[in-house]
Amino acid sequence: MAAEPARKAVQKGRLMDLTSTVIIPLLFGSLGLFSLFRLLQWMRMRAYLRGAVVVVTGATSGLGKDIHFSLFLASSKECAKAFHAAGSRLVLCGRDSEKLQDLAQELSAMTDHRKNIHKPHTVVFDLLDTKTILNAAEEILKYLGHVDILINNAGISYRGTIIDTGLDVDKKVMETNYFGPVALTKALLPSMIKRRQGHIVAISSVQGKISIPFRSAYAASKHATQAFFDCLRAEVEQYDIDVTVISPGYIQTNLSLNAVTADGSRYGVMDKNTAEGRTAAEVAQVVLYAVGQKKKEVLVAGLKPSLAVYLRNLFPRLFFNLMATRAKKERKTKDS
Ligand SMILES: NC(=O)C1=CN([C@@H]2O[C@H](COP(=O)(O)OP(=O)(O)OC[C@H]3O[C@@H](n4cnc5c(N)ncnc54)[C@H](OP(=O)(O)O)[C@@H]3O)[C@@H](O)[C@H]2O)C=CC1
Ligand SMILES: CCCCCCCCCCCCCCCC(=O)OCC(=O)COP(=O)(O)O
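Bear in mind the structure is a predicted one, so any value in this text is a computation, not a measurement. (Residues numbered from 1 in each chain as written. Chains lettered and ligands numbered in written order. Predicted model: local features only at pLDDT ≥ 70, side-chain atom pairs only at ≥ 80, totals over all residues. Heavy atoms only, no water.)

Our focus in this paragraph is the confidence of the model for the protein. In this model, the protein carries a mean pLDDT of 89, and residues with pLDDT of at least 70 account for 90%. Every residue in residues 68–83 is under pLDDT 50, and counting partners more than four places away or in other chains gives 44 contacts. Across the whole predicted complex the pTM is 0.90, and at the interface the ipTM reaches 0.98. (pLDDT = per-residue confidence, 0-100. Contact = heavy atoms within 4.5 Å.)

Structure representation (structure tokens):
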């Protein structure tokens, strides 16, 4: 009778021994190892970005603007300081020279000159004009010698029905989101291959993986982007060049406001989905982490869009039905 409590006490003692000699040290050990791993990852990222020549297109607005506003830290201003303290050499690209100059000045004013001697360089070009793209690439290589990281971020969206949309609009979206970045990438690639070093980033979209109604030109341009940069990744691996494709869901930027419509005019509406999307600073963090970690691709989306991507691939008929229902519903809302 007395043997039972004694046996339980022995068992409890053994369990406590096991906890103190194996489980707790194992837990703390793994935690320590994990922290060490994260610290090493962070140090590697900093080393990778320090002194790196980073070209960002579409730096005058939204995500592009915030990419250099945020490095490792949450608040944009502190992140800018951190980025400059990390010592990256920025090349800010856009169409508006004045906006670029203002941004470069703002960033320079934040610079800790003991740590960063690099004033951001600005380059003006229009993705709709191949000649200006080629000149810009030449200018960048002339002044900075090389490019370590190219972030193809600039882009426009579109709203309209296929039947009402002029081919010039399809071409404009395709030129901006696909041929422009392709031209810039091709212009900078030989120098990267020569150095056997470089990193090319494409900001695509969830719509590079699924097509939703009334976005034909935009979704097509992003699907093309995904395909091109997937091919590029395979082709340039032998030269130690990295390619990262980032596919975000909705972000709070001017994208919907700036979207082009069926007749070529500006849409000019801040969509609810855009306004309720992730902040640009938040997505910029993901971009920077993905670049620092040399990720091959990243989907930055909530549950619904992520499920939609799987649905498109695993149960396409169901996905197509859902999209057809969505198109009917949207058309009804518009008509009423
Ligand atoms: N916002 C969102 O919900 C999402 C955005 N994305 C992608 O993120 C990227 C950035 O867009 P986002 O910041 O949201 O939108 P914004 O409209 O705020 O910014 C777009 C940027 O692209 C530049 N740009 C547009 N057309 C041209 C051109 N012809 N030549 C040169 N630059 C041009 C704009 O310059 P300018 O200031 O001169 O107009 C601006 O700097 C895009 O590729 C977009 O597709 C992906 C998923 C979701
Ligand atoms: C069994 C559960 C099924 C759940 C799946 C239901 C399918 C729901 C469809 C969801 C569609 C999501 C679309 C997301 C689009 C997106 O995030 O696009 C990002 C952009 O590029 C935004 O550009 P835009 O110009 O369209 O604002």
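Anyway, onward from the coordinates.
In the numbering adopted here, UniProt assigns the feature "transmembrane region" (unreviewed entry) to residues 22–40. Along residues 22–40 one finds 100% helix and 0% strand; the C-alpha atoms at either end are 26 Å apart. (UniProt positions renumbered as here; feature names shortened; annotations may be inferred. Helix = DSSP H or I, 4+ residues; strand = E, 2+ residues; numbered from the N terminus.)

With domains assigned, the protein is organised as domain 1 (53–301) and domain 2 (303–335). Domain 1 puts 11 residues into the contact, and the matching count from domain 2 is 12 residues. The junction of domain 1 with domain 2 conceals about 950 Å² of combined surface from both sides, 73% of it contributed by carbon and sulfur atoms. It is Ile210, Pro213 and Phe214 in domain 1 that bury the most area against domain 2; as a group they hold 47% of the surface buried on that side. (Domains from an automatic or database assignment. Buried area = accessible area lost by both parts, 1.4 Å probe.)

Next up on the list: the nonpolar core. Counting residues in each nonpolar core, the largest one holds 32 residues, and the members touching the most others are Val91, Phe125, Val147, Leu150, Ile200 and Phe229. Elements supplying a minimum of two residues to this core: strand S1 (53–56), strand S2 (89–94), helix H5 (130–144), helix H6 (167–195), strand S6 (198–203), helix H7 (216–236) and strand S7 (241–248). Looking at this core element by element, the count peaks at 7 residues for H6. Leaving out residues up to four positions away in the same chain, Ile200 has contacts with Leu150, Asn152, Thr185, Leu189, Met192, Phe229, Leu232, Ile241, Asp242, Val243 and Thr244. (Core = buried A, V, L, I, M, F, W, Y, C linked by side-chain atoms within 4.5 Å. Buried < 20%, exposed > 50% of the residue type's maximum accessible area, 1.4 Å probe, protein only.)

Okay, the packing of helix H1 (residues 3–49) against helix H10 (residues 280–292) next. The interhelical angle for the contact between H1 and H10, taken along N-to-C directions, is 90 degrees, at an axis separation of 9 Å. One finds that H1 runs roughly perpendicular with respect to H10. Here H1 contributes Arg38, Gln41, Met45 and Tyr48 to the contact with H10, which in turn contributes Leu288, Tyr289, Val291 and Gly292. Taken together, the residues of the contact of H1 with H10 break down into 5 nonpolar, 2 polar and 1 charged. (Axes fitted to C-alpha atoms, helices over the stretch in contact; angles between N-to-C directions. Parallel < 35°, antiparallel > 145°, perpendicular 65-115°, else oblique. Nonpolar A, V, L, I, M, F, W, Y, C, P; charged D, E, K, R; others polar.)

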